[in-house]
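# Structural overview for review
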Amino acid sequence: IGREIVAQWSTPKKWDAQQQESEEPYYDPKELYGIIPANIKTQFDMMEVIARIVDGSRFHEYQPNYGKTMLCGYAHIWGYKVGIVANNGILFNDSSKKAGHFIQLCNQNKTPLVFLQNITGYMVGKAYEREGITKDGAKMIMAQAGVDVPKFTVMTNGSYGAGNYGMCGRAYDARFLFSWPNSEISVMGAEQAAKTLTTIKTNQLLREGKELADDEKSRIEEEIIADYHHKSSAYYTSSLMWDDGILDPADTRNALGMAIATSLNAPIDDPHYGVFRV
């Protein structure tokens with residue numbers, strides 16, 4: 001009876017996402033197990049990840065010779081056209097502006113956005129501050145936060161500092177956000193945090209006329225590093241619901257496909273502006 005009743009309901013109209021026939025990736029998704037490094041500090045080419053997630057392993061890259069630490073481009077997942085924003089290193093001025101432009105283009109033509117995070121943050125230092133990294137990073141975050149199209153995030157490795165914000169972290173309303181088992185999320189790396197907090201403790205004691213012994217410094221650093229590794233791990237952060245679940249990397253394509261299909265049920269507004277020349 002329940003099925004008969006539901007069969008009489010009118011089918012809700014989904015918004016028109018660009019689609020084509022779905023196609024399996026040319027490269028086997030299970031090869032992701034050999035691409036992701038055991039050491040989270042080891043850099044890898046995000047293009048290898050994209051090739052094992054998207055239809056036919058085809059990826060049309062946007063401005064490939066500009067802002068090379070940021071990969072942007074169009075692909076299809078389960079036949080749905082998506083815009084992919086993926087890190088290939090730390091974010092500089094040019095890579096931040098490139099991402100901001102691409103995100104707005106995707107919003108303009110109603111293309112869902114997929115963010116693949118492996119990010120240590122935005123570049124810091126006097127030279128980059130003079131070049132306007134704060135301004136350019138803010139433009140990227142503004143573009144990302146203001147889009148109407150659905151956003152989906154996968155934390156493939158590290159997710160640190162303000163890079164988490166720019167790449168659509170939990171606070172920026174991704175429709176779905178997934179983690180891989182090896183991923184970590186924190187304000188900074190464990191070693192950086194240990195040195196920073198130990199320095200603060202040392203300076204505090206010096207003001208009191210005391211001094212921290214070397215063995216005590218080492219003990220404090222080891223405790224901080226252990227605590228950071230524990231609380232930044234995907235299993236700990238997922239237990240706090242900072243994501244929508246931990247994925248087997250080989251299942252990422254299917255998880256994103258189902259997430260995109262689900263998102264089409266919620267209507268989106270037409271963009272009311274052109275592409276900002278940020």
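Now for a quick tour of the structure. (Residues numbered from 1 in each chain as written. Predicted model: local features only at pLDDT ≥ 70, side-chain atom pairs only at ≥ 80, totals over all residues. Heavy atoms only, no water.)

This structure, assessed with the given rule, holds seven salt bridges. We note a salt bridge from E31 to R52, for which the minimum N-O separation is 2.8 Å. Taken as a pair, E31 in the loop between α1 (2-7) and α2 (32-35) and R52 in the loop between α3 (46-50) and β1 (60-61) lie far apart in primary sequence, 21 residues in all. Judged by relative accessible area, E31 falls into the partly exposed class, the value being 38%. K135 is the partner of D136 in a salt bridge, and the nearest nitrogen-oxygen pair spans 3.4 Å. For K135, a relative accessible area of 46% corresponds to the partly exposed category. (Salt bridge = Lys/Arg side-chain N within 4 Å of Asp/Glu carboxyl O. Helix = DSSP H or I, 4+ residues; strand = E, 2+ residues; numbered from the N terminus. Buried < 20%, exposed > 50% of the residue type's maximum accessible area, 1.4 Å probe, protein only.)

With that settled, the discussion passes to the packing of aromatic side chains. Any two aromatic rings considered together are summarised by their centre-to-centre distance and by the angle between their planes. Summed over the entire model, instances satisfying the criterion amount to seven aromatic pairs. A ring pair is formed by F92 and Y128, whose centres lie 5.6 Å apart and whose planes are at 50°; its orientation type is tilted. One end of the pair, F92, is in the loop between β3 (80-87) and α4 (93-108); the other, Y128, is in helix α5 (residues 126-131), and 36 residues separate them in sequence. Their ring planes at 40° and their centres at 6.2 Å tell us that Y165 and Y172 sit as a pair that is tilted. Relative accessible area serves as the criterion here: at 22%, Y172 is assigned to the partly exposed category. Members of the aromatic cluster, each reached through a chain of ring pairs, are Y62, Y74 and F102. (Phe/Tyr/Trp six-rings, centres within 6.5 Å; stacked < 30°, edge-to-face > 60°.)

Turning to the state of the cysteines, a few remarks are in order. Following the criterion strictly, the structure yields zero disulfides and no others. A disulfide-free cysteine, C106 has its sulfur positioned 8.1 Å from the sulfur of C72, the nearest such atom. (Disulfide = S-S within 2.5 Å.)

Let us now look at the environment of V147. For V147, the location among the structural elements is in the loop between α6 (133-145) and β5 (151-160). Distance in space between the C-alpha atoms of V147 and E222 is 42 Å, their sequence separation being 75 residues. In this structure V147 touches I103, N107 and L113, once residues within four positions along its chain are discounted. (Contact = heavy atoms within 4.5 Å.)

Below, the discussion takes up a nonpolar patch on the surface. A contiguous nonpolar surface patch, about 490 Å² in accessible area, is contributed by I1, I5, V6 and W9. In this structure W9 comes out as exposed when scored by relative accessible area, which is 59%. (Patch = residues over 30% accessible without salt bridge, like charges linked within 9 Å, V, L, I, M, F, W, Y side chains within 5 Å. Areas by Shrake-Rupley, 256 points an atom, 1.4 Å probe, with all protein chains shown as cover.)

Here α4 crosses α6 at 20°, and the two axes come no closer than 8 Å. Here α4 is positioned roughly parallel relative to α6, judged by the angle of their axes. As for the relative orientation of α4 and α6, their crossing is left-handed in sense. Residues N93, S96, K97, A99, G100, I103 and Q104 of α4 touch α6, and the partners they reach there are I133, D136, G137, M140, A143 and Q144. In terms of residue class, the contact of α4 with α6 is built from five nonpolar, six polar and two charged. (Axes fitted to C-alpha atoms, helices over the stretch in contact; angles between N-to-C directions. Parallel < 35°, antiparallel > 145°, perpendicular 65-115°, else oblique. Left-handed = near helix turned anticlockwise from the far one by under 90°. Nonpolar A, V, L, I, M, F, W, Y, C, P; charged D, E, K, R; others polar.)

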